[in-house]
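# Chain and residue survey
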Amino acid sequence: MNSEAEPTFEGAGGMVEADGQTCRKSTGTMQPELSDAELLALELDLFCAECDRPELNEGDDGHTSSRSAESCCTGQGTVEDICSGNEQSSNQSEQKSEMPPEGSSTKRRKQDERIPLERFGRKYLNVTDLSRQVWCEQQVVYGLELPHIEQLREEVPVVKAGSCLHLARELEIQDIVPINVESREDSWAVKIFNLLSMIQFLQAGERVRELPVFGELEGIFLVGVVDELCYNSKGELELCELKTRGQRTYPSAAQRKSHLFQVNIYKLLFEAMIKGQLNKETITDHLHLRTEQPFSSEILMHAQKVGFSINTFGDLLDLMLLNLTYAEIPNIDTMKIEYCYQADASLIGTEVVYFEEEWVKSELKHYCSFWKGQREAKGVDIEEAWKCRSCDFADICEWRQSKAEEATQKNRANRSK
Ligand code: SF4
């Protein structure tokens, strides 16, 4: 079993989400003379315009890459040593190990009778998997089928810069302590330690950052990390999501939609947790975790240090569920997204987010139906063909090709009338 270092958090809790939000400015006005079909058929290289695209990973989920960018932030904060991996990364690699070889096509997907969740070896989805679906579902599928291309995207300098900003914020209020893990249960224990410690801070009226949230929605286990929760001047619990931008501009409406969706899901997950709606079986069944699994010595040492009397993963789950059930933490009253400019960390602006329960639940149902095999993946609608210009998979995208052909045929038919 591989031993991996996992971060856990100590001190006056809180963390920041790293999100490599990037992008280049898009322009519906740049090629006004082009039809949608022509636009879709053009080679990517012909476009030099910059356009918005979704952040590559959620802090929670994007945290993985954010943490791996620690060298950029050396010397900031109080951390002596930041671990090289984290729970997310270990779980991702674990999940990726079951992925099919690259080169999958629509035909091959159709021949595979497994539902996408199984086909991609996913026991759970990250909230960012869902929010990226809002941008383009087909792109998410290609990212899973061709992980080496996805990895290249994560190496983009603007993404790394965003990660550094998040990490710097995180280090403002808490230390990161590396913990070696030896099993998947150890990995989840680290997440639960963080959660338990943050519950205490929230109960004491303090600010927390990078709060893990998880639970089952639409029959799928979802995992995320809330950038920040704190009490505002009115004493209301406030969620704040940090998004960093490569340009000093607000994101496009399309990108903002995925952000709104993301924070709305956080609220659903968080509130289900504090209302005691999580249960042991849901966690162990979805994640295939063993309640009887003993912890590694390092996990046990940490548990002892923070005063937890536990031996197995089942003990820790019981402790967590008890704490969540009896924690007197209010619902999230207000939500906002802070957009920051990567170059100097200055604030571009803040967007207040309203919780739209009906909308988020119906969107969630729609996006989850793909993972459950109830429908095929969809690419962007022809009106949003501009998104394809900045897509790493544009050259191989069958959806894009079929839409281009469709539009060409439609144009021909119109001309011949
Ligand atoms: S080329 Fe367009 S439709 Fe295809 S994956 Fe990329 S953004 Fe989606």
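Everything discussed here concerns the structure shown above.
Reference entry: report on the structure contained in this document. Note that the coordinates shown come from a computational prediction; the quantities given were computed from them, not determined experimentally.

Conventions we followed
Residues numbered from 1 in each chain as written. Predicted model: local features only at pLDDT ≥ 70, side-chain atom pairs only at ≥ 80, totals over all residues. Heavy atoms only, no water. Helix = DSSP H or I, 4+ residues; strand = E, 2+ residues; numbered from the N terminus. Buried < 20%, exposed > 50% of the residue type's maximum accessible area, 1.4 Å probe, protein only. Contact = heavy atoms within 4.5 Å. Near = heavy atom within 4 Å. Axes fitted to C-alpha atoms, helices over the stretch in contact; angles between N-to-C directions. Parallel < 35°, antiparallel > 145°, perpendicular 65-115°, else oblique. Nonpolar A, V, L, I, M, F, W, Y, C, P; charged D, E, K, R; others polar. Core = buried A, V, L, I, M, F, W, Y, C linked by side-chain atoms within 4.5 Å. Phe/Tyr/Trp six-rings, centres within 6.5 Å; stacked < 30°, edge-to-face > 60°. Pairing = 2+ DSSP bridges. Left-handed = near helix turned anticlockwise from the far one by under 90°. Arc of directions from axis to C-beta.

## A look at the overall build of the chain
Of regular secondary structure, the chain possesses 16 helices and eight strands. Looking at the chain as a whole, 56% of its 417 residues are labelled buried. When contacts within the chain are restricted to residue pairs at least 6 apart in sequence, those whose partners lie at least 24 apart make up 79%.

## Focus: the site of the ligand
Around the ligand, the structure places Cys136, Gln138, Gln139, Gly379, Val380, Cys388, Cys391, Ala394, Cys397, Trp399 and Arg400. Going through the elements one at a time, helix 7 (137-145) and helix 16 (398-416) are the ones with two or more residues in the shell around the ligand.

## Some words on unusual backbone geometry
Phi at Glu218 takes a positive value of approximately 55°, unusual for a residue other than glycine. Within the fold, Glu218 resides in the loop between strand 4 (208-217) and strand 5 (220-231). Residues other than glycine seldom take positive phi values, yet Ala345 does so here, at roughly 65°.

## Considerations on the packing of helix 11 (residues 253-274) against helix 15 (residues 357-371)
One way to put it is that helix 11 packs onto helix 15 with a least axis distance of 10 Å and a crossing angle of 100°. One way to sum up the angle between helix 11 and helix 15 is to call them roughly perpendicular. Facing Lys257, Leu260, Phe261, Asn264, Ile265 and Leu268 of helix 11, the residues of helix 15 in contact are Trp359, Val360, Lys361, Glu363, Leu364 and Tyr367. Class assignment for the residues of the contact of helix 11 with helix 15 results in eight nonpolar, one polar and three charged.

## A look at the nonpolar core
If you look at the biggest cluster of nonpolar residues, it comprises 74 residues, and the most contacted ones within it are Leu130, Phe214, Leu229, Ile265, Phe270, Met320 and Trp371. Here the element with the most residues in this core is helix 10 (residues 184-203); it accounts for 11 residues. In this view, Met320 contacts Ile192, Leu195, Leu196, Phe214, Leu278 and Ile283; residues no more than four positions away in its chain are not counted. Counting eight residues, the second largest nonpolar core, distinct from the first, contains Leu146, Phe393, Ala394 and Cys397.

## A short note on the packing of aromatic side chains
Evaluated as defined, the whole model comprises 13 aromatic pairs. Taking the centre distance of 6.4 Å and the plane angle of 70° together, the rings of Phe120 and Trp371 count as edge-to-face. Of this pair, Phe120 sits in the loop between helix 5 (116-119) and strand 2 (125-126) while Trp371 sits in helix 15, placing them 251 residues apart in sequence. Looking at Phe120, the relative accessible area reads 0%, which means it is buried. You can call Trp371 buried: its relative accessible area is 0%.

## Here we look at the pairing of strand 5
Of all 12 residues making up strand 5, 11 are buried, and the element is well covered by its neighbours. Bridge analysis of strand 4 against strand 5 gives nine bridges, and the strand direction is antiparallel. Pairing of Leu211 across the sheet is with Val226, part of strand 5. Here strand 4 folds back onto strand 5 in antiparallel fashion, the turn holding two residues, of which Glu218 has a positive phi close to 55°. Here four bridges tie strand 5 to strand 6 (residues 237-245), and the two strands are oriented antiparallel to one another. Bridge pairing in strand 6 places Glu228 opposite Cys240. Hairpin connection between strand 5 and strand 6: a loop of five residues separates the two successive antiparallel strands, and Gly235 in this loop has a positive phi of roughly 80°.

## Thoughts on the packing of helix 12 (residues 280-287) against helix 14 (residues 313-326)
Contact geometry for helix 12 and helix 14: axes closest at 10 Å, N-to-C directions at 135°. Considering the angle they form, helix 12 stands oblique to helix 14. Seen from above, helix 12 lies across helix 14 with right-handed handedness. Contact residues: helix 12 offers Lys280, Ile283 and Thr284, while helix 14 offers Gly314, Leu317, Asp318, Met320 and Leu321. For the contact of helix 12 with helix 14, the class distribution of residues is four nonpolar, two polar and two charged.

## Quick look at helix 13 (residues 297-305)
All of the buried residues along helix 13 are Ile299, His302 and Ala303. Down the axis of helix 13, the smallest arc covering the buried residues is 100°, so these residues share one side. The outward face of helix 13, more than 90 degrees from its buried face, is lined by the exposed residues Ser297, Met301, Gln304 and Lys305. Where helix 13 terminates, the next one or two residues include Gly307, which has phi positive at roughly 85°.

## Brief notes about the pairing of strand 7 (residues 334-341)
In terms of burial, strand 7 is a largely internal element, six of the eight residues being buried. When strand 6 meets strand 7, the two strands line up parallel, connected through eight bridges. Along strand 7, the bridge assignment pairs Glu241 with Ile337. In this structure, strand 7 lies alongside strand 8 (residues 347-353), joined through six bridges in antiparallel fashion. Its bridge partner being in strand 8, Cys340 is matched across the sheet by Leu347.

## Quick look at the environment of Lys372
Mapped onto the elements of the fold, Lys372 is located in the loop between helix 15 and helix 16. Sequence separation between Lys372 and Leu117 is 255 residues, and the spatial gap between their C-alpha atoms is 6.5 Å. Apart from residues lying up to four places away in sequence, Lys372 is in contact with Ile115, Pro116, Glu218 and Ile220.

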